[in-house]
Amino acid sequence: MNGLELFLLGHKLIRIGQDAIPRSGFHTLTNSARTILVDVFENPGSSIREVTERTGFPQSLVSSSVAKLREDGALVTETDPADRRRTLVRPAPGAPEKGRRAAESTTVDAALAEALGVEAAEVAELVATLESLARRLSGAPT
């Protein structure tokens, strides 16, 4: 497998994961807003500039997306006390837990079975492989 194949696989897995998440406001977000939201959840307390650097999106897009996500109650912002010119962004209190609870209410089994056209026994094996890969990538003990 080369880098492009891994990238394309990751993109397909993202789509399957999105299909497995219960319908919510998350599905109405643009891909860029979803990417920004996930980045802030993974890096709370980041400045707009840091989010811009990690995502590769223009600062104007990051700023407008953060403003919309703040209005929707998913993110909160504050002025950086160390540098009053910077805005820091983090998940709104309770937002990560709310999203996690909604996502945990279903499994990926049906979405994987549909995407791959396989039976339940094979899906169980694939899920176990994905769980193992997720643990390794997160640095958790295997």
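To be clear, the structure that these remarks concern was listed above.
Student: It is not clear to me how helix H4 (residues 59–71) should be interpreted in this structure. Could you clarify?
Tutor: Note on helix geometry: an α-helix contains 3.6 residues per turn, so any two residues three or four positions apart are oriented the same way. For H4, built from 13 residues, the straight-helix expectation of 18 Å at 1.5 Å per residue is met to within 8% by its first-to-last C-alpha distance of 18 Å. Taken together, the buried positions of H4 are Val 62, Ser 65, Val 66 and Leu 69. Seen end-on, H4 carries its buried residues on one side only, within an arc spanning 100 degrees. Those residues of H4 that are exposed and angled more than 90 degrees off the buried face are Ser 60 and Glu 71. Lining the buried residues of H4 we find helix H2 (31–42), helix H3 (48–55), strand S2 (75–79) and strand S3 (87–91).

Student: How should H2 be read in this particular structure?
Tutor: Counted at 1.5 Å a residue, the expected span for H2 with its 12 residues is 16 Å, and the 16 Å between its end C-alpha atoms agrees. Along H2, the residues that are buried comprise Ser 32, Ala 33, Arg 34, Ile 36, Leu 37, Asp 39 and Val 40.

Cut-offs used in this document
Residues numbered from 1 in each chain as written. Predicted model: local features only at pLDDT ≥ 70, side-chain atom pairs only at ≥ 80, totals over all residues. Heavy atoms only, no water. Helix = DSSP H or I, 4+ residues; strand = E, 2+ residues; numbered from the N terminus. Expected span 1.5 Å × (residues − 1). Buried < 20%, exposed > 50% of the residue type's maximum accessible area, 1.4 Å probe, protein only. Arc of directions from axis to C-beta. Contact = heavy atoms within 4.5 Å.

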